[in-house]
Amino acid sequence: MTPVQQFNRQLAQSRLLYPTKTVVVAVSTGVDSMVLLTLLQRLPVRQRPRIIVAHVNHHLRRQSQREAAFLTRYCAEHHLTLQVTDWPVQSHPQTGVEAAGRAFRYHFFEQVMATTGAVAVLTAHHANDQAETYLMKLARGGDVAQLTGIAPQRPFAGGQLIRPLLTWSKQTIRAYAAAQEIQFYEDVTNQDVQFTRNRIRQRVVPELTTVNPEFLTHVAGYQQQLRQLLTAKSEMVAYLLPHVVTETETVNLAALQRVPAAWQLPLLRAWLHQRTHELFSEEKLRPVMHWLQNTNHPTGTLPVNGTVDLVKQVDIIDVRPHKKRVKKLMPGEKIMVDLNQWQKITATQTAGLFSHPTVAAGQPLRLVEQDWPLYWRPWRAGDQLTLRGGGHQSVRRVLIDQKLPAEQRSRVRVLVNAHEQVLWVVGHKFTYRDHDFGTQTVFLALKHGS
Ligand SMILES: Nc1ncnc2c1ncn2[C@@H]1O[C@H](COP(=O)(O)OP(=O)(O)OP(=O)(O)O)[C@@H](O)[C@H]1O
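Nothing here was measured: the structure is a model prediction, and the numbers come from that model.

Caption draft 1: Seen up close, the overall build of the protein. In terms of regular secondary structure, the protein is built from 13 helices and 21 strands. Seen through its principal axes, the protein has C-alpha atoms that stretch 85 × 55 × 50 Å. In the protein, buried positions account for 41% of the 450 residues. Summarising the internal contacts of the protein: among those between residues at least 6 apart in sequence, 65% fall at separations of at least 24. Taken as a whole, the protein presents about 24600 Å² of accessible surface, with 53% of it coming from carbon and sulfur. Averaging the coordinates of the 52 positive side-chain charges in the protein and doing the same for the 34 negative ones gives two points 3 Å apart.

Caption draft 2: Examining the nonpolar core more closely. Within the largest apolar cluster, 40 residues are counted, with the highest numbers of intra-cluster contacts made by Trp271, Val288 and Leu310. When residues in this core are grouped by element, the largest group, 6 residues, is from helix H10 (residues 261–276). Setting aside residues no more than four positions away along its own chain, leucine 310 makes contact with Trp271, Leu272, Val288, Trp291, Leu292, Gly300, Thr301, Leu302, Val304, Ile317, Asp318 and Val319. Grouped together as the second largest cluster of nonpolar side chains are 32 residues, Leu11, Met34, Cys75 and Leu165 included.

Caption draft 3: Focus on the site of the ligand. Around the ligand lies a shell of 15 residues, among which Ala26, Val56, Arg102, Arg105 and His125 are the nearest. Between the ligand and the protein, one listed contact pairs a nitrogen atom with a side-chain N or O atom of histidine 58 at 3.5 Å. In this structure, an oxygen atom belonging to the ligand sits 2.4 Å away from a side-chain N or O atom of arginine 102. The protein chains hide 79% of the 600 Å² of surface that the ligand would expose on its own. Mapped by element, the contributors of at least two residues to the shell around the ligand are strand S2 (50–57) and helix H4 (97–116). For the shell around the ligand, the element with the highest residue contribution is H4, accounting for 4 residues.

Caption draft 4: View of helix H8 (residues 215–244). The end-to-end C-alpha distance of H8 is 43 Å, a good match for the 44 Å that 30 residues give at a rise of 1.5 Å each. All of the buried residues in H8 are Phe215, Leu216, Val219, Gln223, Leu226, Val237, Leu240, Leu241 and Val244. Looking at the buried positions of H8, the neighbouring elements they touch are helix H5 (127–140), helix H7 (196–211), strand S7 (251–252), helix H9 (253–258) and H10.

Caption draft 5: Summary view of the packing of H10 against helix H11 (residues 282–293). Packing of H10 against H11 brings their axes to within 10 Å, and their N-to-C directions diverge by 100°. With respect to each other, H10 and H11 are oriented roughly perpendicular. Residues Gln264, Leu265, Pro266, Leu268, Arg269 and Leu272 of H10 lie in contact with H11, whose contacting residues are Glu282, Leu285, Arg286, Val288, Met289, Leu292 and Gln293. Residues that form the contact of H10 with H11 fall into these classes: 8 nonpolar, 2 polar and 3 charged.

Caption draft 6: Structural context of the side chain of glutamine 63. Relative to the elements of secondary structure, glutamine 63 occurs in helix H3 (residues 63–77). A polar contact is formed between the side chain of glutamine 63 and the backbone oxygen of glutamate 186, at a distance of 2.9 Å.

The rules behind these values
- Counting restarts for each chain, with residues numbered from 1 along the sequence as it is written.
- Owing to the predicted nature of the model, reporting of local features is limited to residues with pLDDT of at least 70; listing and counting of side-chain atom pairs is limited to 80 or more, with chain, interface and lining totals taken over all residues.
- Side-chain measures were taken over the full set of non-hydrogen atoms in the model, leaving aside hydrogen atoms and water.
- Helix and strand definitions here come from DSSP, where helices need a minimum of 4 consecutive H or I residues and strands a minimum of 2 consecutive E residues; each element is numbered from the N-terminal end.
- Per-residue accessibility, obtained with a 1.4 Å probe over protein chains only, is compared with the maximum for each type, and a residue is labelled buried under 20%, exposed over 50%, and partly exposed between these values.
- Note on contacts: a residue pair qualifies if any of its non-hydrogen atoms lie within 4.5 Å across the two residues.
- Working definition of accessibility: Shrake-Rupley area with a 1.4 Å probe, residue cover restricted to the visible protein chains.
- All tallies of charge rest on Lys and Arg as positive and Asp and Glu as negative; His and the ends of each chain are not included.
- For this purpose, a charge sits on NZ of Lys, CZ of Arg, CG of Asp or CD of Glu.
- As used in this record, nonpolar core signifies buried Ala, Val, Leu, Ile, Met, Phe, Trp, Tyr and Cys residues forming a set joined through side-chain atoms within 4.5 Å.
- In this text, near means that some heavy atom of the residue lies within 4 Å of the molecule or strand in question.
- In protein, a polar contact means a hydrogen-donor-capable atom and an acceptor-capable atom, both N or O and within 3.5 Å, with residues adjacent in sequence counting only if both atoms are side-chain atoms; elsewhere, any N or O pair within 3.5 Å suffices.
- The span one expects for a helix is its residue count, reduced by one, times 1.5 Å.
- All axes here are fitted lines through C-alpha atoms, helices being fitted over the stretch that makes contact, and every angle between N-to-C directions spans 0 to 180 degrees.
- Here is the rule for angles: anything less than 35 degrees is roughly parallel, anything more than 145 is roughly antiparallel, 65 through 115 is roughly perpendicular, and the remaining ranges are oblique.
- Under the grouping applied here, Gly and all other residues not named as nonpolar or charged are polar, the nonpolar ones being Ala, Val, Leu, Ile, Met, Phe, Trp, Tyr, Cys and Pro and the charged ones Asp, Glu, Lys and Arg.

Right, here's the structure in full:
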């Protein structure tokens, strides 16, 4: 199938090949969106939807004015309806300009859809965008679902957001533009290797393409497989959920534990989603699962976020609104540890527990399942550290020995486990645990500065 046939097929699948339909085409004047616009213009009249061209002048570079003027001329010459809006410089934020610009853009597309009766917005994302995003997410880490990447079609503003060029590589787009003599503006910021995406575009993708020329297709293939796996997973979760959820919408812990281990966390997550309308990451829920399974504590309450608590009563798990803290407790008095997340624990300290060593995370600590959940909290009189050989030392003594001025001592935080045992006097001393103790190694890290 030729690229143009693939494009036509995507539009046919989206049921857009009708003159009675109106579509908004997001055109930046770059090569991708000018090719997209040209492809739409060249559809046979009996299939071509009514085209509304939408352009945002971001006022981010000098070229912006010329681009807007070029597009105005182009649309007039081709009898195309154009809607342009400005993103005034005074609305640009100090940081996060890209994300703010994107939000502004999509809000504008939404407005254009509403005022023109359009059923879809079309953008010119392509296979290289897809692979770059994939590699960036791979490098940054997170939920595996994010690796499914840009969807060819998804609901948007009461209609659809469609990317008909996702199967086209940048090379194909450029070749088509050259062959058809399509005019466009080169985005000069695309060359700037200070941007991670540009470095991936210019260095990583070409390198991987020399390993295998089909690299882009293979990324798309993995994403397709991942989408199928995630669909299968959510279907299985939907099937299993009634086996662990009771008539009163609580979870039966014994039933949950009878489910094969790999499904327990996804089930807990799905149930919490139903009850709280919040989607927690499985990583965040892992310590919660350890807490639930800890038979030494058959009852208890655990805050899962600022608004809800999990309540465990032997075999029954329920959610309740989080009780507001008593006024005199300092905010952040006791913070549950989120694995693999930096957490601000005092005005000047940010600490984290990581499952892998990172540049900043050096000190390994062995844990047992019963340690979870862990917390950051101010140290208290009576807190003790375990020393090599089994002895103990009070936290107070540690601070005195390290000659910490008395007025600074109250600011010291400790890392404690579910049994209130001190594992780390943050910034001062670690508990002793043998390297073959427990089942899990985490890495403790601390950053200074507000
Ligand atoms: N100034 C603009 N005006 C209209 N459409 C635009 C503009 N900039 C980008 N677009 C549309 O968005 C597509 C993607 O552009 P680009 O890759 O620069 O954005 P992104 O921010 O990386 O992606 P996304 O918009 O999905 O977050 C373009 O091909 C084009 O269709």
